Amino acid sequence: MTGEVPLLDDHAHPFPRGADVLDLSALSLSVEASAAPRRRHAAPSRLMLERLRCELAALLGCAPAEVEAARAQAAANWPDWVQQLFRDAGIGGMLLDGGTAPVPADDLPEYEKLAGVPMGALLRLETVIDPLLEQGADPPAVVAAVADFVSSGAANGAAGLKTVLAYRTGLSVDPAVTQAAAYRSIDASVPVRRRAKPLRDYILRQTFAQCADLDLPIQIHTGFGDSEIRLADAHPVLLDDVLRTPEGAAAKVVLIHAGYPWHEELAYLALVRANLWAELSLVNLFSPVTAGDRLLRMLDIAPADRIMLGTDGHGSPETHWFAAKALRAAWAQARHRLAGSARDSWLADTERLLFHENAAQLYPGEWLG
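Residues numbered from 1 in each chain as written. Predicted model: local features only at pLDDT ≥ 70, side-chain atom pairs only at ≥ 80, totals over all residues. Heavy atoms only, no water.

Participant: Is there a simple way to think about the overall build of the protein in this case?
Facilitator: When helices and strands are tallied, the protein shows 16 helices and eight strands. Taking 369 residues into account, the globule formula puts the C-alpha radius of gyration at 21 Å, and the protein, at 20 Å, falls close to it. Expressed along its principal axes, the backbone C-alpha trace of the protein runs to roughly 65 × 50 × 35 Å. Residues counted as buried form 53% of the 369 residues belonging to the protein. Within the protein, counting contacts between residues at least 6 apart in sequence, those at least 24 apart form 78% of the total. With an accessible surface of roughly 15000 Å², the protein has 52% of that area assigned to carbon and sulfur atoms. (Helix = DSSP H or I, 4+ residues; strand = E, 2+ residues; numbered from the N terminus. Rg over C-alpha atoms; globule rule 2.2 N^0.38 Å. Buried < 20%, exposed > 50% of the residue type's maximum accessible area, 1.4 Å probe, protein only. Contact = heavy atoms within 4.5 Å. Areas by Shrake-Rupley, 256 points an atom, 1.4 Å probe, with all protein chains shown as cover.)

What follows is the structure in structure tokens.
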């Protein structure tokens, strides 16, 4: 990665802190337990897995059919292997979303030592909301708990928040929902993931205001995800009304995963909303071959200083590596397409913005190194 701009990966998930078994078939958006046989059956015919296998074979110096055995040998010294992956991909820093539970602050130094790069934390709102709804907490208690979670997280050095509202009640957020309506909204007969839409909408708007006060960015999942999402509920344009509210216009909002397949609509929002950034992740991991076209289409609409890049690596660290390499390849393809129609200086500036400077300027914390 000599000469390349280090990637500040603004969206990733924890990786094992000890050697694991690499199972390429497990890298899938079909997450139901019953889908395991289908995942194994589909794995040999999936292009992204074939590309991952071949690129990993090149790194390991083996034939593609020998990847699992060669990787097991390389991973015997787990810290050396993880650091090799991160160096090869040019990852210079990473924000971790722990998923169902926040990454403990005390664990970040261990991840940093293992990967050889600074790490920061993202705090997911649903790690507070969902358990409280499951327990039957009163709506005012849920609202207060989220506010405490955000304020304490900021005080303890979190670099940003995240919400997976698209996986819950969807991104069609009611911008005018009142506190009274929010507090009446809980129906315990509805599954927790689909429960209390007015309350969740109200909490998002209140969190926007709190984020603005704390100068803390908030990421929102948009576009495709694993098989638990209802894709129609994840269109980024559904957020436009709440983004026009005073709270929505005050917060620093990052719409992640390129909003795919609505990446051009997402780029439009980044163009016309002064407080909004478009982020490309996940699609580079699961659809790497055409990631360059998506990045170019986003750059064709949104200012380069409003686009950021992430891996959404999760599970084995090879996912972080592969997704970062896919971002490098995507930018190389886009840059090649633009050669002769954009100045070399503009292209160099854009590369620094995409891979490093935009994230460095937006997110606070020691993860910047």
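And the narrative resumes.
Participant: What is the right way to read the sheet that holds strand β6 (residues 253-256) from this model?
Facilitator: Each strand in a sheet pairs with another by means of backbone hydrogen bonds, the pair being arranged parallel or else antiparallel. With parallel pairing, the eight strands of this open sheet are ordered in space as β1-β2-β3-β4-β5-β6-β7-β8. Edge positions in the sheet fall to β1 (7-12) and β8 (307-309), since each has one partner strand and no second. In this sheet, adjacent strand axes meet at a mean angle of 25° when their direction is disregarded. Relative to strand β4 (residues 160-163), strand β3 (residues 119-124) runs parallel, the two sharing three bridges. Counted as the bridge partner of L122 is G160 from β4. Sheet strands touched by helix α9 (residues 197-214): β4, β5 (218-221) and β6. Its angle to β5, the strand with the most contacts, is close to 150°. (Pairing = 2+ DSSP bridges. Axes fitted to C-alpha atoms, helices over the stretch in contact; angles between N-to-C directions.)

Participant: Before we go on, may I ask you to explain unusual backbone geometry in this structure?
Facilitator: If a residue is not glycine, its phi is most likely negative; likewise, a peptide bond is most likely trans. Here the bond from Y260 into P261 is cis, since omega is 15°, no more than 30 degrees from zero. Within the secondary structure layout, P261 lies in the loop between β6 and α12 (263-272). Not every positive phi belongs to a glycine, and D215 is a case in point at roughly 55°. As for its placement among the helices and strands, D215 is situated in the loop between α9 and β5. D215 gets classed as partly exposed once you look at its relative accessible area, which sits at 43%. Its identity as a non-glycine residue notwithstanding, A258 has a phi of 65°, on the positive side. Its location among the elements puts A258 in the loop between β6 and α12.

Participant: Help me out: how do you make sense of the environment of P140 in this one?
Facilitator: Looking at the element boundaries, P140 is found in helix α7 (residues 139-155). Considered as a pair, P140 and E126 are 14 residues apart in the sequence and their alpha carbons are 16 Å apart.

Participant: I'm lost on the pattern of salt bridges in this one. Help?
Facilitator: When charged atoms on two side chains of opposite charge get close, those side chains can pair. A complete count under the given rule lists 24 salt bridges for this structure. Here R124 ties to D97 by a salt bridge, and the two come within 2.7 Å at their closest N and O atoms. Of this pair, R124 sits in strand β3 while D97 sits in strand β2 (residues 91-97), and the two are 27 residues apart along the sequence. Across the pair, D97 and R124 agree in class, each one buried. Between K197 and D201 there is a salt bridge, with the nearest N and O atoms lying 2.6 Å from each other. Taken as a pair, K197 and D201 lie in helix α9 at a separation of four residues, close to a single helical turn. (Salt bridge = Lys/Arg side-chain N within 4 Å of Asp/Glu carboxyl O.)

Participant: Hey, could you run me through the nonpolar core in this one?
Facilitator: Buried together is how nonpolar side chains tend to be arranged in soluble globular proteins. In this structure, F15, F86, M119, F208 and V253 are the most contacted members of the largest nonpolar core, which totals 110 residues. It is helix α15 (residues 317-338) that contributes the most residues to this core, nine residues altogether. In this view, F15 contacts V82, F86, M94, Y111, L114, A115, M119, G315, P317 and H320; residues no more than four positions away in its chain are not counted. One finds L8, W277, A359 and L362 within the second-largest nonpolar core, a separate group that totals twelve residues. (Core = buried A, V, L, I, M, F, W, Y, C linked by side-chain atoms within 4.5 Å.)

Participant: How should the pairing of β1 be read in this particular structure?
Facilitator: As a general feature of sheets, a regular strand has side chains that alternate between the two faces. Within β1, six of the six residues are buried, leaving the element largely enclosed by the surrounding structure. Note that β1 and β2 share four bridges and pair parallel. If you follow D9 over to β2, its bridge partner there is M94.

Participant: What am I meant to see in the environment of N156 here?
Facilitator: Among the secondary structure elements, N156 is positioned in the loop between α7 and β4. It is 9.9 Å that separates the C-alpha atoms of N156 and G365, two residues lying 209 residues apart in sequence.

Participant: What exactly am I supposed to notice about the packing of aromatic side chains here?
Facilitator: For any pair of aromatic rings, geometry is given as the distance between the ring centres together with the angle between the planes. Enumeration over the complete set of coordinates arrives at five aromatic pairs. Arranged with centres 5.3 Å apart and planes meeting at 75°, the rings of F15 and Y111 form a pair that is edge-to-face. Linking F15 in the loop between β1 and α1 (36-42) with Y111 in helix α5 (residues 108-115), this pair joins segments that are 96 residues apart in sequence. In this pair, the class of F15 matches that of Y111, namely buried. Aromatic ring contacts, followed pair by pair, group F15, F86 and Y111 into a single cluster. (Phe/Tyr/Trp six-rings, centres within 6.5 Å; stacked < 30°, edge-to-face > 60°.)

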